[in-house]
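Each chain, written out:
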Amino acid sequence: MNIIALYLSIMNALIKKIKNLEEAALHLEPGLETRKSWHNQVSEITENFLQKLENGKAYNQDSSSINLLKQPFPEEGTLSSKIFDDIVNHVDKPGINPASGGHLGYIPGGGLYASALADYWADITNRYAGVFFADPGAVKIENELIRWMINLVGYPETAWGNLASGGSIANLTAIVAAREAKEITPENIRKAVIYVSKQTHHSVEKAFRIAGLQYAITRTLPLDDNLKIDPVRFEEIIKDDKKKGLTPFLLVSSAGTTDAGIIDPLDSLSDVCTQFAIWHHVDAAYGGFFLLAKSLSSSLKAISKSDSVVLDPHKGLFLPYGLGVVLVKSGRHLKNAFRYEASYMQDAAEVETEISPAEVSPELTKHFRGLRMWLPLRLHGLKPFRSALEEKHRLSIYFYEKIRKISRFVVFGKPELSVVMFRYIPDNHDPNAFNQFLANEMHRDGRIFISTTTINDVYWLRVAVLVFRTHLKTIDLTLQLLAEKVILVENKIFRH
Ligand SMILES: *Cc1c(COP(=O)(O)O)cnc(C)c1O
């Protein structure tokens, strides 16, 4: 065989092999009929899910069937509807139902339908939202959302931000920006001081460790009786630290603590920070979007004086999980902290009329998550969001007023946003243990999910109203269940 014939036969064999592989791989591109069939099944299942929400459970303690999800992945795919049934039965049923209006635990959100459609769309088209060059439209949508939020919190035009996957990553992003802006280095880090409070969300401490700031000094500031940072004490502590030759550089305050929904005195804290050139980061992951509610915007207005802020659209804008936002007042600090250069990105550098998300965040390739926020804001308009947030606040006030009228129930305080902490004080029984029983009974029932917390050794039950599907009748049911379960727990204790 001459060399050309040999080459041709090798190529023919290669082509034959490729064609065989292509045929097997074509399974990844289902045809129109298959797409329709899958789509219809998912559509039917999710419709069924939505229609059952109102009378279904918010919490299901029984997770005994999840082991059925442990199955080998088959070599050959099947079109069996069992695959869908598995998700319905073993994923959508056990645990907390975050889409339920009865989810009053932790900080809920709900999950807007329009966002789900946006995700679907973004996934089908798979637009590349990391770099302006790759998808100018997708990046423009994300940047317009950032500009809208910059305006909402009252930052100047020099501000910039990023749509991250959640509040934790958004907090991390802000903290890294602060570290770079304040030039914290291995040489000076052991004299650098960070201030937090006992009510600071744990994602912040995690972020310190990830950002290498565990070698700095972290001070937990004293709180007043309302669990707020005391600005006067804060100033004294800073002065004390300065006297010791230390460098205070960062304060993390909260606009809506996760436990109690408390807003720190942002205005005076910002003044103290300005005086001592300390970066003031406000964690408003829970509370930030209450800026949209007329009656609450004034209590959050001072966010505008901070250096950076985090807001969670997957809480306060009711989006499905997967979107938290960081905004930094001097946007250049974000760019400085996350800039990059790579030769394979040289095409991108030439058409920069908009900042690319990849330039201001740890991510490069990322989900086009802007669409899930942009589409609902366009389809619904802002008004229903304003109303829903106002409604959630007033529902929490309503709960607060009602629960404290029920004999032996006490409340921590009037809700500033939409969290109420309360507990039952039984006759002749340890209140902490009693309330634990009470929480257990609520969980066993499952129609309403409430969560609990411990502050200064006191065990509290808490209701956090933030699912857009939570309405007056949900709160009335909660009050009714609590009253019923108290009697149940009392009877159980009495019997023993
Ligand atoms: C929820 C929350 C976080 C964490 O955000 P994730 O979106 O859960 O990562 C941080 N801070 C506060 C105050 C929160 O409520």
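The structure presented is a predicted model; accordingly, all values stated were derived computationally and were not measured.

Student: For the overall build of the chain, give the residues involved together with the corresponding values.
Tutor: Within the chain, the secondary structure is distributed over 16 helices and 14 strands. Reported as C-alpha extents along the three principal axes, the dimensions of the chain are approximately 100 × 60 × 40 Å. By residue count, 47% of the 496 residues in the chain fall in the buried class. In the chain, once contacts between residues fewer than 6 apart in sequence are set aside, the share between residues at least 24 apart is 75%.

Student: Please set out the side chain of D86 residue by residue, giving values where relevant.
Tutor: Here D86 is to be found in helix α3 (residues 82-90). Since its relative accessible area comes to 11%, D86 is described here as buried. The residues touching D86, leaving out its near neighbours within four places in the chain, are L69, Q71 and V91.

Student: Now, about the domain arrangement of the chain: what can you tell me, with residues and values included?
Tutor: What the domain assignment reports for the chain is domain 1 (32-99), domain 2 (118-380) and domain 3 (383-495). Its C-alpha centre places domain 1 at a distance of 35 Å from the equivalent point of domain 2.

Student: Can you break down the layout of surface pockets residue by residue, with the values?
Tutor: In this structure, the largest pocket spans a volume of roughly 1100 Å³. In this structure, the largest pocket is lined by 33 residues; those nearest its centre are V42, T46, F49, Y113 and A116. Three or more residues apiece are contributed to the lining of the largest pocket by two domains, here domain 1 (32-99) and domain 2 (118-380).

Student: So what about the sheet that holds strand β4 (residues 160-164)? Which residues, and what values?
Tutor: One open sheet holds the seven strands; their spatial order is β4-β10-β9-β8-β7-β5-β6, and the pairing between them is mixed. Of all strands in the sheet, those bounded by a partner on one side alone are β4 and β6 (217-221). On average, each strand axis in the sheet is inclined to that of its neighbour by 15°, with strand direction left out of account. Across four bridges, strand β8 (residues 279-284) lies against strand β9 (residues 308-311) in parallel orientation. Opposite D283, over in β9, you have V310 as the bridge partner.

Student: How would you sum up the packing of helix α5 (residues 136-153) against helix α13 (residues 371-380)? Please name residues and give values.
Tutor: Running from N to C, α5 and α13 point in directions that differ by 65°, and their axes come no closer than 9 Å. Relative to α13, α5 is oriented roughly perpendicular. As for how α5 packs across α13, the hand of that crossing is left-handed. Contact with α5, carried on its side by I141, L145, W148 and M149, involves L371, M373, W374 and L377 of α13 and no other residues of that element. Partitioning the contact of α5 with α13 into residue classes produces eight nonpolar, no polar and no charged.

Student: A description of a nonpolar patch on the surface should follow, citing residues and the corresponding values.
Tutor: Taken together, I3, I4, Y7 and L8 make up a surface patch of nonpolar side chains, about 480 Å² in accessible area. By secondary structure assignment, the location of I4 is in helix α1 (residues 3-25).

Student: Hey, could you go over the sheet that holds strand β11 (residues 409-411) for me, with residue numbers and the actual values?
Tutor: The mixed open sheet is built from five strands, whose spatial order is β3-β13-β14-β12-β11. The open sheet has two edge strands with one neighbour each: β3 (103-104) and β11. Where strand β12 (residues 419-424) meets strand β14 (residues 458-464), four bridges bridge the pair, whose relative direction is antiparallel. Directly across from M421, in β14, lies its bridge partner R462. Each of β11, β12 and β14 is contacted by helix α14 (residues 383-403), which is oriented at about 15° to β12, the strand it contacts most. Sheet contacts for helix α15 (residues 431-445): β11, β12, β13 (449-455) and β14; angle to β14, the most-contacted strand, approximately 30°.

Student: Could you give an account of the nonpolar core, with specific residues and numbers?
Tutor: Generally speaking, a soluble globular protein has its nonpolar side chains buried in company with each other. One finds I303 and L327 to be the most contacted residues of the largest nonpolar core, which totals 89 residues. A total of eight residues in this core trace back to one element, the largest contributor, which is α5. When residues of this core are assigned to domains, at least three map to each of domain 2 (118-380) and domain 3 (383-495). Apart from the residues within four sequence positions on either side, I303 is in contact with V153, Y155, A255, L266, V282, A284, L291 and V309. I403, V420, F422 and I450 belong to the second-largest nonpolar core, a separate cluster that totals 26 residues.

Student: Residues and numbers for the site of the ligand, please.
Tutor: Surveying the vicinity of the ligand reveals 15 residues, the closest of which are S168, D283, D312, H314 and K315. Interatomic distance of 2.7 Å between a side-chain N/O atom of H314 and an oxygen atom of the ligand. In isolation the ligand exposes 380 Å². Once the protein is present, 85% of that is buried. When residues of the shell around the ligand are traced back to their parent elements, those giving at least two are α6 (167-181) and α11 (313-316). Element by element, the count of residues in the shell around the ligand is highest for α6, at three residues.

Reading the values: rules and limits
Residues numbered from 1 in each chain as written. Predicted model: local features only at pLDDT ≥ 70, side-chain atom pairs only at ≥ 80, totals over all residues. Heavy atoms only, no water. Helix = DSSP H or I, 4+ residues; strand = E, 2+ residues; numbered from the N terminus. Buried < 20%, exposed > 50% of the residue type's maximum accessible area, 1.4 Å probe, protein only. Contact = heavy atoms within 4.5 Å. Domains from an automatic or database assignment. 1 Å grid on protein atoms, 1.4 Å probe; cavity = no way out; pocket = protein on both sides within 12 Å on 5 of 7 lines; lining within 4 Å. Points joined across faces, edges and corners; volume = space filled by probe spheres on them. Pairing = 2+ DSSP bridges. Axes fitted to C-alpha atoms, helices over the stretch in contact; angles between N-to-C directions. Parallel < 35°, antiparallel > 145°, perpendicular 65-115°, else oblique. Left-handed = near helix turned anticlockwise from the far one by under 90°. Nonpolar A, V, L, I, M, F, W, Y, C, P; charged D, E, K, R; others polar. Patch = residues over 30% accessible without salt bridge, like charges linked within 9 Å, V, L, I, M, F, W, Y side chains within 5 Å. Areas by Shrake-Rupley, 256 points an atom, 1.4 Å probe, with all protein chains shown as cover. Salt bridge = Lys/Arg side-chain N within 4 Å of Asp/Glu carboxyl O. Core = buried A, V, L, I, M, F, W, Y, C linked by side-chain atoms within 4.5 Å. Near = heavy atom within 4 Å. Polar contact = N/O pair within 3.5 Å; in protein donor to acceptor, adjacent residues only side chain to side chain.

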